[in-house]
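# A closer look at the structure
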Amino acid sequence: MNLFFNQIFTLLTTPPGNLIYHVLLVFTIAGTLQGAILLLRSSQFPQARRTVFGLGILLGLQVILFIVSGLALQGLIDPKTLLPPLDRAVTLLALVWIIWLWAFPEPVRLADSATVLLNLLVLTLFGLTLAFWARNPGTSFNASTFEMIWQGFSLAVVLLGILGLAMRRPNGWGNGLAMLLLAFIGHLLTLIWPMDGDFPGFVRLTQLALYPILLTIVQRFPTSASVRTPVVETDHSAAQPIQERRRYTTDPKTLHALMSLAAEVRADKIGLAMTRGIAHAMLADLCFLVTLAEDKSLSIACGYDLIREVNLDGIAVNKDAIPLLANAIQRGRPLRLPASSTSPDLKGLGQMLGLTNTGHLLSVPIASRERGPLGGILILSPHSNRLWSAEDQAFLSQVSSLFIPILERGQRTFLLETERDKAYQDAQFAQEQAAEAKKKYEEAAKELEMVHEKVSQSQLQAENMAALLVMQEESQKTIESLKTQIEQMHPAGEVGSLPGDSTQLEHELRQALEEMARMQNALADANVIILKLEQRPKAPITSEQVEVIASISQELRQPMSSIIGYTDLLLGESVGILGVLQGKFIERIKASTERIGGLVDDLIQITNLETGKMEFKAESIDLNPIIDNAMAYTGTQIREKNITLRLDIPEASPHVQTDRDALQQIFIHLLQNATAATQTEGIITLRVQLQSESNEHFISIQVTDTGGGISSDDIPRVFARRYRAEHSLIQGLGDTGVGLSIAKALTEAQGGRIWVETEAGSGSTFSVLLPVLLEAEEVK
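The residue numbering used here restarts from 1 in each chain and proceeds along that chain's sequence as written. Per-residue local features are limited, in this predicted model, to residues with pLDDT of at least 70; the limit for side-chain atom pairs, both in listing and counting, is 80 or more; totals at the level of whole chains, interfaces and linings are taken over all residues. Side-chain measures were taken over the full set of non-hydrogen atoms in the model, leaving aside hydrogen atoms and water.

### A few points about the overall build of the chain
Runs of H or I in DSSP of at least four residues are treated as helices and runs of E of at least two as strands, each being numbered from the N terminus. If you tally the helices and strands in the chain, you get 21 helices and 16 strands. Of all 780 residues assigned to the chain, the portion counted as buried reaches 38%. Note on definitions: a residue-residue contact is assigned when non-hydrogen atoms from the two residues lie within 4.5 Å. Of the contacts formed within the chain by residues at least 6 apart in sequence, a portion of 69% connects residues at least 24 apart. With residues, only the protein chains shown are counted as cover, and all accessible areas are computed by Shrake-Rupley using a 1.4 Å probe. When the accessible area of the chain is evaluated, it comes to approximately 45,000 Å², of which 58% is carbon and sulfur surface. Burial here depends on accessible area, computed with a 1.4 Å probe over protein chains only, as a share of the maximum for the residue type. Under 20% is buried, over 50% is exposed, and the range in between is partly exposed.

This is the structure we're talking about:
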């Protein structure tokens, strides 16, 4: 028995018998390739095209090995150094492509990439083996370490192929599994029982058994069943064949659908009429119109179910679930997939359409010369299981070209309707704006009327005051006149004036004096009222107003958080790559949103400070994290302006006890002001020191900028709140009118002091002296 196998192995591994082995493999692969080419011509399946490609590579590898073996037999090359490594490389490459043919009949990007990578690894191993074996060829390649490496590599590839076939299970996968099992047995026996010589006898013997199975790979693709032509007996001696039923119908329903399509003018009905007409003409169970947007996104506009005779609504399409179909429509190419295809397109379509079985698929593009692909027509046969042939594809392609003017007409109609609706909406919006403007005008008129009433009241009060003054002057004149008359009357009385006249005069005088006193009292009361009105203070902010401000601030933070989250998502480019200009715009949006958030925080802090609800809690803190946080908060503005930040802080900063948040805000507002005031490529200096005086400890903060200095006239108004809303900007000051006022309020609320020193043409230094406690002390 051993002698019999030895003779067979010798025949397969030594010339001239090994040439017979090569010829058998070449003719087997060539026969399979011929069958695949015939299938490709008749069906135009993309799977058949991949099969022809893979079989062509297999045939090329075996032809190369056959030619090199012939040259070695003629003594033109050294068979000892080149043939053994080349034989192992061709055998392993053939295994890789056999796995590719059986397991991946449709394009799979990951599998195709892995196949190319394995080919590169095999070629690299072949080059290394050839280089080392040519230097020191041994007596037998089968007994070398290289043989063990090649056989182990081959076994790993075969196991990987068996696993892939078992997981994917394409049509006819059992034959592919049989080929891989035979290959596994051959390589395993070669590895366990190595033989003398340079070529593996077990591997070549199993190859003679497995390669004929490759002939069945063409049979796994469905083909159109041949239609038998029945015959019937007549009175004549010869039988007359019955004419075959037409593949494309022209029954009344089809004509009605096509006539409806030709007469349809509404854009939303053209697609429905088109799919209904195609379904009747092609006898397709399902027909869909797929549209291609300008951004290359796909959607199913509408469809028709021939079995139930109902229209189908449009749905959104996920291009990742149908890669082959999406690529074909975008590139304007037809596509046919049998129901046995392992492509994810059929599964993805089934999930989108709610079908357990999509049947056979045929898609043809709808493309114009000017605009390129506009979409495509998709037909399925889940119920009849009809296989679409190349004739069906050609017929549908010719029909689809006739639909281009109809679709373009529908698109123009849709654009006109869209413009009409937009114009109508614009008109409604204009009417709403006019109504709102009218309402605002009426409100403004009412407010103006109220203002006029207040002005009239003020004028009336002023007139009353003027009248009172006039009355006072007149009364004063009357009093003076009366006094003069009294003085004149006393001498006359002495010479014997009548007593009755004197009594009457005194009575009139008394009445005049009482009237004068009454008018003076009225004038005093009016002056008191005016003084009270002028000195009346503004109403303070109540707790209810504070709650309203806090509620509004919270409502503002929610949309700002959403905006910042979406801008971070866009800047991370997880949903698409951004251009340089787009990225800058989004960064500006984020910076502006964060700025609004800072203003909201400032608003809350100002409200708390004004109402006295700001509570300060002393705690032990380290100055270094406080300074780092302030620098990080203003770091973006500093980097944008290329500003140099110089630090002068103690190397070993002791822990102090003060309010953490208040100190952090003071640092941030001072640095923000300095950053905004300093010009591009300027310098900012931050100094922090601890000072002690009479058992009291202070922290000294100084921030110096190079913003050109502040005018001496503007220095008293630097820390004034809401200054910018009422006056022009302060030259040399970068603050918005809020930050420095907050820093001042926080400093003074803790018993500290803040001031500014400026130098014209150079810059300004803002200083803060804040009382603190050292960590060793107790907070009082």
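Following the structure, the description resumes.
### Here we look at the nonpolar core
Within the largest apolar cluster, 57 residues are counted, with the highest numbers of intra-cluster contacts made by Leu55, Leu58, Ile98, Trp102, Trp150, Tyr211 and Leu214. Among the elements of the structure, α2 (17–43), α3 (46–73), α4 (83–103), α5 (109–135), α6 (145–168) and α7 (173–192) are those that each provide at least two residues to this core. Counting residues per element, this core draws most heavily on α4, which supplies 16 residues. Leave out the neighbours within four places in its chain, and Trp102 touches Leu165, Pro170, Gly172, Asn175, Gly176, Met179, Ile213, Leu214, Thr216, Ile217 and Arg220. Nine residue types can take part in a nonpolar core, namely buried Ala, Val, Leu, Ile, Met, Phe, Trp, Tyr and Cys, and a core is a set of them joined through side-chain atoms within 4.5 Å. If you look at the next biggest cluster of nonpolar residues, it comprises 37 residues, including Ile668, Leu670, Leu686 and Val772.

### Overview of the packing of aromatic side chains
The criterion for an aromatic pair is that two Phe, Tyr or Trp rings (for Trp, the six-membered ring) have centres within 6.5 Å, with stacked assigned to planes under 30 degrees apart, edge-to-face to planes over 60 apart and tilted to the rest. What the rule picks out here adds up to six aromatic pairs. Seen from their ring centres, Trp133 and Phe141 are 4.9 Å apart, and the 85 degrees between their planes marks the pair as edge-to-face. Here Trp133 and Phe141 have matching classes, each one buried. Summarising the aromatic geometry, the rings of Phe719 and Phe766 are spaced 6.0 Å apart at their centres and angled 85 degrees between planes, so their arrangement reads as edge-to-face. You can see Phe719 sitting in the loop between β14 (696–704) and α21 (739–749) and its partner Phe766 sitting in strand β16 (residues 763–774), a full 47 residues away along the chain.

### Digging into the side chain of Thr32
Within the element layout of this structure, Thr32 appears in helix α2. Beyond its immediate chain neighbours, meaning those up to four positions away, Thr32 contacts Leu55, Leu214, Leu215, Ile217 and Val218.

### A look at the side chain of Glu106
Mapped onto the secondary structure, Glu106 falls in the loop between α4 and α5. In this tally Asp and Glu are treated as negative and Lys and Arg as positive; neither His nor the chain ends contributes. Any carboxyl oxygen of Asp or Glu within 4 Å of a side-chain nitrogen of Lys or Arg constitutes a salt bridge here. Despite its burial, Glu106 pairs with no opposite charge; the closest candidate is Arg168, at 4.8 Å N-O. Any pair of nitrogen or oxygen atoms within 3.5 Å is treated as a polar contact; in protein, a donor-acceptor pairing is required on top of that, and neighbouring residues in sequence qualify only through side-chain atoms on both sides. A polar contact is formed between the side chain of Glu106 and the side chain of Gln47, at a distance of 2.9 Å. Not counting chain neighbours up to four residues away, the residues in contact with Glu106 comprise Gln47, Arg50, Leu324, Ser341, Thr342 and Ser343.

### Concerning a nonpolar patch on the surface
On the surface, a nonpolar cluster with roughly 610 Å² of combined accessible area is contributed by Val23, Phe27, Val63, Phe66, Ile67, Leu71 and Leu76. When residues of the nonpolar patch are traced back to their parent elements, those giving at least two are α2 and α3. At four residues, α3 tops the list of elements feeding residues into the nonpolar patch. Structurally, Leu71 is set in helix α3. For patch building, the residue pool is restricted to those with more than 30% relative accessible area and no salt bridge; the joining distance is 9 Å between like charges and 5 Å between nonpolar side chains (Val, Leu, Ile, Met, Phe, Trp, Tyr).

### Some details on the packing of helix α20 (residues 660–677) against α21
One way to put it is that α20 packs onto α21 with a least axis distance of 9 Å and a crossing angle of 150 degrees. As summarised for this structure, α20 and α21 are arranged roughly antiparallel, according to the angle between their axes. Relative to α21, the crossing made by α20 is left-handed. Contacts from Ala662, Gln665, Ile666, His669, Leu670 and Asn673 in α20 reach Gly739, Leu740, Ile742, Ala743, Leu746 and Thr747 in α21. Of the residues assigned to the contact of α20 with α21, the class counts are seven nonpolar, five polar and no charged. An axis is simply a line fitted to the C-alpha atoms; with a helix, the fit covers only the stretch in contact. Between two such axes, the angle follows the N-to-C directions and lies from 0 to 180 degrees. An angle counts as roughly parallel when it lies under 35 degrees, as roughly antiparallel when it exceeds 145, as roughly perpendicular when it falls between 65 and 115, and as oblique in every other case. Left-handed describes a crossing whose near helix is turned anticlockwise from the far helix through less than a right angle; right-handed describes the clockwise counterpart. For this scheme, ten residues count as nonpolar: Ala, Val, Leu, Ile, Met, Phe, Trp, Tyr, Cys and Pro. Four count as charged, namely Asp, Glu, Lys and Arg, and the remainder, Gly too, count as polar.

### Notes on the packing of α3 against α4
For any two helices packed against each other, the geometry is given by the interaxial angle and the distance between the axes. Where α3 meets α4, the closest approach of the two axes is 10 Å, and the angle between their N-to-C directions is 170 degrees. With respect to their mutual orientation, α3 and α4 come out roughly antiparallel. Crossing handedness for the pair α3 and α4: left-handed. Of the residues contributing to the contact of α3 with α4, the split by class is 17 nonpolar, four polar and two charged.

### Some remarks on the pattern of salt bridges
Within the structure shown, the criterion is met by ten salt bridges. Arg204 is the salt-bridge partner of Asp87, the closest N and O atoms lying 2.9 Å from each other. Residue Asp87 is found in helix α4, and its partner Arg204 is found in helix α8 (residues 201–210); the two are separated by 117 residues along the sequence. In this structure Asp87 comes out as buried when scored by relative accessible area, which is 1%. On the accessibility criterion, Arg204 (2% relative accessible area) is buried.

### Some points on α4
What a helix should span is 1.5 Å times the count of its residues minus one. An ideal rise of 1.5 Å per residue puts 30 Å on 21 residues; α4 measures up with 30 Å between its terminal C-alpha atoms. The buried fraction of α4 is high, at 21 of 21 residues.

### A few points about α7
Structural remark: α-helix, 3.6 residues per turn; residues separated by three or four positions point the same way. With 20 residues, α7 ought to run about 28 Å at 1.5 Å a step, and its terminal C-alpha atoms sit 28 Å apart, in line with that. Taken together, the buried positions of α7 are occupied by Gly176, Met179, Leu180, Ala183, Gly186, His187 and Thr190. With its buried residues spanning 120 degrees around the axis, α7 presents them on a single face. Each element contacted by the buried residues of α7 is listed here: α4, α6 and α8. Directions from the helix axis toward the C-beta atoms define the arc.

### Side note on the confidence of the model for the chain
Residue-level pLDDT values for the chain average 76, and 71% of them are 70 or greater. Each residue carries a pLDDT value, the predictor's own confidence for that position, ranging from 0 to 100. Here strand β1 (residues 231–232) is the element of the chain with the lowest mean pLDDT, 38, and α4 is the one with the highest, 92. Note on residues 489–502: pLDDT is under 50 here. Beyond four places in sequence and across chains, it has three contacts.

### Brief notes about the environment of Ala316
Position of Ala316 relative to the elements: it lies in strand β6 (residues 315–316). For the pair formed by Ala316 and Ser299, sequence separation is 17 residues and the distance between their alpha carbons is 4.9 Å.

### A word on the state of the cysteines
Here a disulfide denotes one covalent bond, and it connects the sulfur atoms of two cysteines. When two cysteine sulfur atoms lie within 2.5 Å, the pair is treated as a disulfide. Enumeration according to the criterion identifies zero disulfides in this entry. With no disulfide of its own, Cys302 lies 8.4 Å from the sulfur of Cys287, the closest cysteine sulfur.

### Re unusual backbone geometry
Non-glycine residue Leu283 carries a positive phi angle of around 55 degrees. Tracing the sequence through the fold places Leu283 in the loop between α10 (267–282) and β3 (286–292). The class for Leu283 is partly exposed, based on a relative accessible area of 26%. For Glu309, which is not glycine, the phi dihedral falls at a positive 55 degrees. With respect to the helices and strands, Glu309 occurs in the loop between β4 (298–305) and β5 (310–312).

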